[in-house]
Amino acid sequence: MGALGDLARGFEVALTPENLLWAFVGVLLGTVVGVLPGIGPALTVALLLPVTFSLDPVSAFIMFAGIYYGGMYGGSTTSILLNTPGESASIITAIEGNRMARKGRGAAALATAAIGSFVAGTIATIGLTFLSPVMVDVALEFGPAEYFALIVLAFSTISAVLGRSVVRGLISLFLGLAIGLVGIDTLTGQSRFTFGIPQLLNGIDVVTVAVGLFAVGETFWVASRLRHDRDQVVPVRGSIWMTREEWRRSWKAWLRGTALGFPIGALPAGGAEIPTFLSYTIEKQLSQHPEEFGNGAIEGVAGPEAANNASAAGVLVPLLTLGLPTSATAAIMLAAFQRYGLQPGPLLFERNSELVWGLIASLYIGNVMLLVLNLPLVGLWVRLLAIPRPYLYAGILVLAGLGTYSLNRSTVDLVVLYIIGAVGFLMRRFDIPVAPAVVGVVLGPMAEDHFRRALQISRGDYSVFVTRPISLAILIVAALAIVVPVLIRRSRGRGDSR
Amino acid sequence: MERGDQPDSSRSRTEIVAELALALGVVAIGALVLWQTNEIRVAPTYSRIGPRVVPTIVGAGLILLGLWLAADVLTGHLTGPSEESEDADPTLPTDWRTVGLLAASLVVYLLLIERAGFVIASALLFTGAAFAMGSRHPIRDALLGLAVAVVLYIGFTEGLDLRLPAGWLEGIS
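Residues numbered from 1 in each chain as written. Chains lettered and ligands numbered in written order. Predicted model: local features only at pLDDT ≥ 70, side-chain atom pairs only at ≥ 80, totals over all residues. Heavy atoms only, no water.

Draft legend 1. Representation of the interface of chain A and chain B. Across the boundary between the two partners, chain A contributes 70 residues, which contact 74 residues of chain B. Here chain A and chain B share an interface that buries about 6900 Å² over both sides, 69% of which is from carbon and sulfur atoms. Contact with chain B buries surface across chain A, with R225(A), R227(A) and Y391(A) losing the most and accounting together for 10% of the total. In this assembly, chain A and chain B are joined by 2 salt bridges. Here R168(A) ties to E19(B) by a salt bridge, and the two come within 2.9 Å at their closest N and O atoms. Linking chain A with chain B are 9 residue pairs in polar contact (both at pLDDT 80 or more), by the criterion used here. Counting residues per element, the side of chain A that touches chain B draws most heavily on helix 16 (residues 389-408) of chain A, which supplies 12 residues. Per-class residue counts for the side of chain A that touches chain B are 41 nonpolar, 13 polar and 16 charged. (Contact = heavy atoms within 4.5 Å. Buried area = accessible area lost by both parts, 1.4 Å probe. Salt bridge = Lys/Arg side-chain N within 4 Å of Asp/Glu carboxyl O. Polar contact = N/O pair within 3.5 Å; in protein donor to acceptor, adjacent residues only side chain to side chain. Helix = DSSP H or I, 4+ residues; strand = E, 2+ residues; numbered from the N terminus. Nonpolar A, V, L, I, M, F, W, Y, C, P; charged D, E, K, R; others polar.)

Following this line, the structure appears as structure tokens:
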């Protein structure tokens, strides 16, 4: 009864005409911005955050949920038609979907991605509905030591498991942690790393960091090495209605992708990359047409797209129940909660149950809206891909300035944005992933808080982290997540040199 | 500008130098964090885990990571060129002219946003950035930038109740 009753009340909140309107505006803006090449879901959410500032929290989060899902849908359209993954989780869609588009089956690729995203998003939201209350009960048992260990686990998986180099991921994470230190120390009230600038006392907003790294840094990277022989947008050909054969090949892939994406996304280690890669590998193994993989196999779009969307819903489980963001997008959403003075975690379900369940209900609604928006209107979104590059990047910079300035109406934030943009340019130049830095900015202060509280309870005894069994187990997994990839790469490197 | 006019070995040698400079930069940031950690005041009576503990860990971590990266580079673990992307060609050398024009546009925006107002600053940023990225229609770009800025301004101030600086156009709306 519990979850269903709560969900029913959530639908009452989400189905008011006003909130339906905000949900629609959210999915529309999310799709439009998400379709723009070079703008992944994390940047979409960061750039559109100011739009929600003047709304009441419930409407703001309903709109925000729409932006989040809309950005995911929009990103897959771009991947298929332009072969530009806006984020690492869309790489597979970009490979296989773009091949399909080049073979004149672009419409079918878009359709299987959209319907697959709908199926996966809906099933995963059902999973979210029933798993969240369970996680809340578990979370209530956690003390500061366990929370600290969980954050360390998220740190190590985000920076070490993904990407090509463990040390580069960790550098990104520690840069984020250093940025997160700026401001007033919550436990003693001392200012840290503010260099005497009063505007820095409140810390550096994660939106500034995300916009600086993703938008400004990326724009400078593109400007520094402007490609003059660009690929053309592949025109959408074929019927948007999939053939019987294509349905037959897609539906199992959708379900398998969902089954991989949601549980892995819901783990407090997170990430959408692993389930999409796993889904692709599994579909290739199971397919009766393995030779089509790499040349535009529809299962290779259907499975990973479903996995990607299911994990996007899964990521909301640790975010809402534990207050732990495990992706760059989730980190920005956590910052949005904090702007309203809300702290996601077990207590949020008690104190703001209207908001949480309204948000979850609007995810169901947003999914339906997106399916309706995306199937018939895809031709319209495709036109956005043809925006001339100078206008695209000029527009991104204008939006970046607007988004950052409107946070506090302070030019100090713009200076910080430019500095972080320069760092982002260098990180791009040296192949250092930026997502760990964004997560580090948000999770760093939380990690410090739990770390020091745990030590206060233990009266300064550092063994508290390894004598509590749950904390110890999580920390061991976290250490393995760093050590194993290093060892694998070492042995592989030795194999190569032979 | 031509690709491949350098022999491969010298190309990778410049890459090693650049990577070592990066490692040095990471060590320097770590040192900066440790130095600023000493500036944090701690009440002498505060006996719990103070505000300096975590910054010390972060600073020391950055120094160690910089050294790890340097060791990786020196033992031949280069990562190769950056990921492919639609609009950027990682094999090209840095085009400092474009970067400089873009940076100049951003500085103008910073200086003007509170004086001339959001609309004028944004329109100029749009025009400047479009020019830097290769557009050669400054008048059309300026009109387009102005339109974008006005739509954003009206949408945010009227539709969403957010205040943005009106600047020189104060009173017109």
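What follows picks up the thread again.
Draft legend 2. View of the confidence of the model for chain B. Residue and element names in this part refer to chain B. Counting all residues, the mean pLDDT for chain B is 84, and 84% of those residues have values of 70 or more. Ranking the elements of chain B by mean pLDDT puts helix 1 (residues 8-37) last with 86 and helix 4 (residues 118-132) first with 95. Within the model, pLDDT remains below 50 along residues 1-8, and this stretch shows 6 contacts once partners closer than five positions in the same chain are excluded. (pLDDT = per-residue confidence, 0-100.)

Draft legend 3. Focus on the environment of N309(A). All names here are of chain A. Within the secondary structure, N309 sits in helix 11 (residues 299-314). A residue is classified by how much of its surface remains accessible, and N309, at 2% relative accessible area, is buried. Here the alpha-carbon distance between N309 and Y69, two residues 240 residues apart in the chain, equals 8.2 Å. (Buried < 20%, exposed > 50% of the residue type's maximum accessible area, 1.4 Å probe, protein only.)

Draft legend 4. Geometry of the packing of helix 4 (residues 57-82) of chain A against helix 5 (residues 91-140) of chain A. Residues and elements named next belong to chain A. With their axes 8 Å apart at the nearest point, helix 4 and helix 5 run at an angle of 165 degrees to one another. With respect to each other, helix 4 and helix 5 are oriented roughly antiparallel. Read as a crossing pair, helix 4 and helix 5 show a hand that is right-handed. Tallied by class, residues from the contact of helix 4 with helix 5 come to 12 nonpolar, 9 polar and no charged. (Axes fitted to C-alpha atoms, helices over the stretch in contact; angles between N-to-C directions. Parallel < 35°, antiparallel > 145°, perpendicular 65-115°, else oblique. Left-handed = near helix turned anticlockwise from the far one by under 90°.)

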